[in-house]
Number of protein chains: 2
Amino acid sequence: MDLQAFFKMSYGLYVLSAAFDGKQNGCIVNTVTQVTAEPPKATVAVSKQNLTTELIEQSGFFNAVPLTEKATMDLIGRFGFRSGREEDKFSGLEHGVDAHGVWYPTQNAAAMFSFKVIGKLDLDTHVLFVGKAVEAVKLSDDPVMTYDYYHRVKKGETPPNAPSYKKPEQKTGWRCKICGYVYEGEELPPDYICPICKKPASFFEKL
Amino acid sequence: MDLQAFFKMSYGLYVLSAAFDGKQNGCIVNTVTQVTAEPPKATVAVSKQNLTTELIEQSGFFNAVPLTEKATMDLIGRFGFRSGREEDKFSGLEHGVDAHGVWYPTQNAAAMFSFKVIGKLDLDTHVLFVGKAVEAVKLSDDPVMTYDYYHRVKKGETPPNAPSYKKPEQKTGWRCKICGYVYEGEELPPDYICPICKKPASFFEKL
């Protein structure tokens, strides 16, 4: 099986968010897909390890925001490479609130969708939720960020719990915990700044 | 609900094919999504009206080919705007055969995937199949066709039984049965040629 073949599938990049009992959280996914037209329903696959998955299970609702190409690696790093169990991902972030009280980021958001969960399927490592759209708003006409653009232009990485994760060739060096950028070299200069997301050397971990 | 918002979701364009009892057929979908990494599994949503859906139900297998930007409207029209109940869609077409005997188009194919159905979900108008990949081959490094590129550059239309179909504003004129292009005007000139897929006037129907 040639796992590189899977890079030929195309996706958008979304902030998937949910809320329960006062806790707001979100994560980055590429798996939002409209699956019926009338009424509009969508599916999303998300890792069982994610706090967002728990919040969707508990509340029965989720929100999805397709990002535009202008979305920063800082925004993607915040939702995609950190855990909501350890911090408040919405802290200090411009956000809207949907009809179900779920927060969603408004900067570099192409649209926002609020879904009610009407079905789910266990996929072992991931859960597939089926949502019926209850709210859909276009927020920007800027070009949307495709998963290809994220990898090719933004040089973004894929976290290990993503459905599209491929084990990388072994690199030696230091990896930025925010955006996944790898500095190749034994020693990371103390004044090093991540060229992708602009975080300092303290955000890097040794591979 | 702003249905235009749904255009902010990104997809590829795929030929989805299946075979049963000697009958080969395929259709165009935009809903192929990788949903787990280990093992690689994907979902696809497809209309219950499609012959391909029947063949997947009967055989338990499907094949998916992401198209490249070079794919012609003739190829897309062949699989996307005709019915396999009335004709052999593979007639005269270059094709490969996967491990389960399913034919797939090889021209302008970015990759090919063979899936074994391991689950399904009823979505009223559509069926969602969950497939475990049993074969994955990269076939081309040409850029893949996104659904956005299909609409924006190829001026392609969406058939009414697609999950992403939006009712068009009422137009008067003649619609090409192959690619959906609309000639606006009461009378279609008898020597008219579709500017998109190059079919003659006999392929147009009055709106």
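Our subject is the structure that appears above.
Residues numbered from 1 in each chain as written. Chains lettered and ligands numbered in written order. Predicted model: local features only at pLDDT ≥ 70, side-chain atom pairs only at ≥ 80, totals over all residues. Heavy atoms only, no water.

### Quick look at the environment of Gly-173 of chain A
Residues and elements named next belong to chain A.
Alright, step 1. One can find Gly-173 in the loop between helix H3 (147-152) and strand E10 (174-176).
Alright, step 2. The spacing of Gly-173 and Ala-5 is 168 residues in sequence and 27 Å in space, taken between C-alpha atoms.
Alright, step 3. Look past the residues within four positions of Gly-173 in its chain and what remains in contact with it is Tyr-183, Glu-184, Gly-185, Glu-205, Lys-206 and Leu-207. (Helix = DSSP H or I, 4+ residues; strand = E, 2+ residues; numbered from the N terminus. Contact = heavy atoms within 4.5 Å.)

### Here we look at the relation of the copies chain B and chain A
Two chain copies here: they are related by a rotation about an axis and a translation along the same axis.
Alright, step 1. By a simple turn and slide, chain B fits onto chain A: the slide is 0.0 Å along the axis, the RMSD is 0.1 Å, and the turn is 180°. Put plainly, the chains are arranged around a two-fold axis. Taking the C-alpha atom as reference, chain B places Tyr-11 of chain B closest to the rotation axis, 2.5 Å from it.
Alright, step 2. Both copies present the same face, since 100% of the interface residues in chain B are matched by interface residues at the equivalent positions in chain A. (Least-squares fit on C-alpha atoms with pLDDT ≥ 70 in both.)

### Observations concerning the pattern of salt bridges
Working definition: two side chains of opposite charge can pair if their charged atoms are close together.
Alright, step 1. All told, the structure shown has 22 salt bridges over all chains when counted by the stated rule.
Alright, step 2. Between Glu-57 of chain B and Lys-120 of chain B there is a salt bridge, and its shortest N-O distance comes to 2.6 Å. Here Lys-120 of chain B lies in strand E8 (residues 111-123) and Glu-57 of chain B lies in helix H1 (residues 51-59), a separation of 63 residues in the sequence.
Alright, step 3. For Glu-57 of chain B, a relative accessible area of 38% corresponds to the partly exposed category.
Alright, step 4. Two residues, Arg-152 of chain B and Asp-148 of chain B, come together in a salt bridge whose shortest N-O distance is 3.0 Å. In this pair, Arg-152 of chain B and Asp-148 of chain B are both assigned in helix H3 (residues 147-152), four residues apart and thus about one turn of the helix distant.
Alright, step 5. By relative accessible area, which is 47% here, Arg-152 of chain B ends up partly exposed.
Alright, step 6. Taking relative accessible area as the criterion, Asp-148 of chain B reaches 44% and is therefore assigned partly exposed.
Alright, step 7. One continuous salt-bridge network, built from bridges that share partners, spans Lys-8 of chain A together with Lys-138 and Asp-141 of chain B. (Salt bridge = Lys/Arg side-chain N within 4 Å of Asp/Glu carboxyl O. Buried < 20%, exposed > 50% of the residue type's maximum accessible area, 1.4 Å probe, protein only.)

### Re the sheet that holds strand E11 (residues 182-183) of chain A
Residue and element names in this part refer to chain A.
Alright, step 1. Pairing is antiparallel across the open sheet formed by three strands, whose spatial order is E11-E10-E12. Looking at which strands have only one partner, the edges of the open sheet turn out to be E11 and strand E12 (204-206).
Alright, step 2. Judged from the three bridges that link them, E10 and E12 form a sheet pairing that is antiparallel. Note on E12: the bridge partner recorded for Cys-176 is Phe-204. (Pairing = 2+ DSSP bridges.)

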